[in-house]
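Chain by chain, the residues run as shown.
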Amino acid sequence: MATRIRPSSKRCTVIGGSGFLGRHLVERLVDRGYTVNVFDIRQAYELPGVTFYQGDLCDKLALVMALKEVSIVFHCASPAPGSDDGALFQRVNIDGTRTVIQACHEAGVQKLILTSSASVVFEGTDIKNGKEDLPYAKKPIDYYTETKIKQEKLVLEACSKEKGFLTVAIRPHGIFGPRDPQLVPILVDTARRGKMKFIIGDGSNLVDFTYVENVVHGHILAAEHLKADSPLCGQAYHITNDEPVRFWDFMSQILVGLGYSAPRYHLPYALVYGIALLLWFISLILRPLIQFKPTFSPMRVALAGTHHYYSCARAKQDMGYRPLVPLQEAVVRTVESYPHLRNGE
Ligand SMILES: NC(=O)C1=CN([C@@H]2O[C@H](COP(=O)(O)OP(=O)(O)OC[C@H]3O[C@@H](n4cnc5c(N)ncnc54)[C@H](OP(=O)(O)O)[C@@H]3O)[C@@H](O)[C@H]2O)C=CC1
Ligand SMILES: CC(C)CCC[C@@H](C)[C@H]1CC[C@H]2C3=C(CC[C@]12C)[C@@]1(C)CCC(=O)C[C@@H]1CC3
């Protein structure tokens with residue numbers, strides 16, 4: 001009978017390792033002595049000790065090649081959340097995640113760590129100190145959220161101590177930091193177009209923004225604590241900075257740090273949300289004729305005008321999680337990392 005060589009516990013593959021979170025994760029894993037494979041649709045960089053496999057995660061054969069002799073897989077690939085291509089989300093986040101699970105089985109992988117999102121429970125209304133036992137959103141606010149829910153369920157249901165295949169889901173919220181292609185660039189672009197003058201609502205809504213190094217720390221802790229006799233098996237964990245902040249204070253700090261004015265005038269939440277819905281609807285009808293994407297999508301307005309912050313008590317208890325970088329330090333590091341986005345550059 002052929003005996004399978006037991007892979008080293010320090011060999012891993014990061015699916016989506018060329019992306020924002022994935023690359024930070026790869027760098028930290030290398031620092032910690034892991035041998036790392038990256039599987040991604042694009043190769044964005046080179047790093048000693050890292051082997052790149054370029055391919056689509058829906059291609060099982062290509063994926064299996066990148067999982068050979070690997071014991072841990074981190075799955076942090078996804079289409080950009082702002083996309084409204086429902087078919088792409090279905091193909092990558094749902095069908096592709098099924099393929100990832102099958103490829104893990106075929107390659108004999110022991111642990112799968114999924115990057116999910118705290119937004120799987122967000123329906124556009126207030127969440128204060130939400131715990132992991134909140135129900136999944138019944139009416140997900142967009143395709144991204146809808147497919148992140150299904151993806152998380154697939155991964156957690158695949159957890160099997162009998163098969164020796166353990167899974168866990170990390171739910172970060174509002175990841176930011178150096179090289180982030182979304183939060184700071186979109187904010188600066190909106191400011192440069194003169195559209196960051198208004199605060200949606202009264203500005204008191206609290207939100208979690210999580211520094212990328214803390215999200216990485218949560219993923220590595222999860223991988224190292226995931227064992228057959230641990231409470232992590234088949235569970236989801238919020239990973240945040242554990243310092244909810246007023247959404248508009250956070251945005252203002254970044255804008256002012258980069259030399260732009262902070263928004264000052266208030267607009268009623270219901271009015272802005274209504275306009276965003278109307279614009280979204282018009283863009284849908286006109287799509288065959290002209291393509292335009294409103295800056296203030298209903299999702300962004302909901303994120304900007306409601307409370308949504310989450311408890312990470314479960315991660316603290318089960319894996320000893322504590323944020324490594326406090327929020328203020330994280331904002332300073334982030335602002336310093338974008339010299340090219342400063343006002344006047
Ligand atoms: N950013 C945030 O605030 C939050 C993110 N998350 C989750 O974290 C994860 C990482 O997000 P983030 O780093 O911001 O995203 P990025 O877009 O920066 O990284 C995702 C990477 O996956 C790649 N990718 C996309 N589709 C495929 C595919 N079919 N096969 C192989 N690779 C693919 C992307 O390539 P390409 O760029 O060419 O598409 C990209 O390199 C995602 O799962 C996201 O849902 C969760 C909570 C908050
Ligand atoms: C135009 C402004 C009102 C807002 C500019 C900043 C936004 C681009 C970001 C503020 C909150 C962010 C966020 C996400 C993307 C970027 C923001 C909307 C996510 C949707 C990314 C994916 C997730 O899983 C949840 C995130 C919530 C917060």
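Residues numbered from 1 in each chain as written. Chains lettered and ligands numbered in written order. Predicted model: local features only at pLDDT ≥ 70, side-chain atom pairs only at ≥ 80, totals over all residues. Heavy atoms only, no water.

By the naming in an unreviewed UniProt entry, the protein is Sterol-4-alpha-carboxylate 3-dehydrogenase, decarboxylating, taken from Danio rerio. The UniProt entry for the protein carries the following comment under Pathway (unreviewed entry): "Steroid biosynthesis; zymosterol biosynthesis; zymosterol from lanosterol: step 4/6." UniProt lists a comment for the protein under the heading Subunit (unreviewed entry), and it reads "Homodimer." (UniProt positions renumbered as here; feature names shortened; annotations may be inferred.)

(A) How the structure looks around the confidence of the model for the protein. Across the protein, the average pLDDT comes to 95, with 98% of residues at 70 or higher. Complex prediction metrics read pTM 0.95 and ipTM 0.97. (pLDDT = per-residue confidence, 0-100.)

(B) A look at the pairing of strand 7 (residues 166–172). Taken across its 7 residues, strand 7 has 7 buried, putting it largely inside the fold. Taking every second residue as pointing to the same face, both faces of strand 7 are buried, with Leu166, Val168, Ile170 and Pro172 on one and Thr167, Ala169 and Arg171 on the other. Strand direction decides the pairing type here: strand 5 (residues 111–115) and strand 7, joined by 5 bridges, are parallel. Bridging across to strand 7, Leu112 finds its partner in Thr167. (Buried < 20%, exposed > 50% of the residue type's maximum accessible area, 1.4 Å probe, protein only. Helix = DSSP H or I, 4+ residues; strand = E, 2+ residues; numbered from the N terminus. Pairing = 2+ DSSP bridges.)

(C) View of the site of ligand 1. Of all residues adjacent to ligand 1, which total 24 residues, the nearest are Phe20, Leu21, Asp40, Tyr144 and Lys148. For ligand 1, an oxygen atom lies 2.9 Å from a polar atom in the side chain of Asp40. Surface burial for ligand 1 is 85%, taken as the share of its 890 Å² of free accessible area covered by protein chains. Breaking the shell around ligand 1 down by element, the ones donating at least two residues are helix 1 (20–31) and helix 4 (143–157). By residue class, the composition of the shell around ligand 1 is 10 nonpolar, 10 polar and 4 charged. (Near = heavy atom within 4 Å. Polar contact = N/O pair within 3.5 Å; in protein donor to acceptor, adjacent residues only side chain to side chain. Areas by Shrake-Rupley, 256 points an atom, 1.4 Å probe, with all protein chains shown as cover. Nonpolar A, V, L, I, M, F, W, Y, C, P; charged D, E, K, R; others polar.)

(D) Up close: the site of ligand 2. Taken together, 14 residues sit near ligand 2, with Pro81, Ser117, Tyr144, Gln182 and Phe296 positioned nearest. Take Ser117: an N or O atom from its side chain is 2.6 Å from an oxygen atom of ligand 2. In this structure, an oxygen atom belonging to ligand 2 sits 2.7 Å away from a side-chain N or O atom of Tyr144. When isolated, ligand 2 has an accessible area of 600 Å², and the protein chains bury 92% of it. At the level of secondary structure, the elements contributing two or more residues to the shell around ligand 2 comprise helix 5 (183–192) and helix 7 (247–257). Across the shell around ligand 2, the residue classes break down as 8 nonpolar, 6 polar and no charged.

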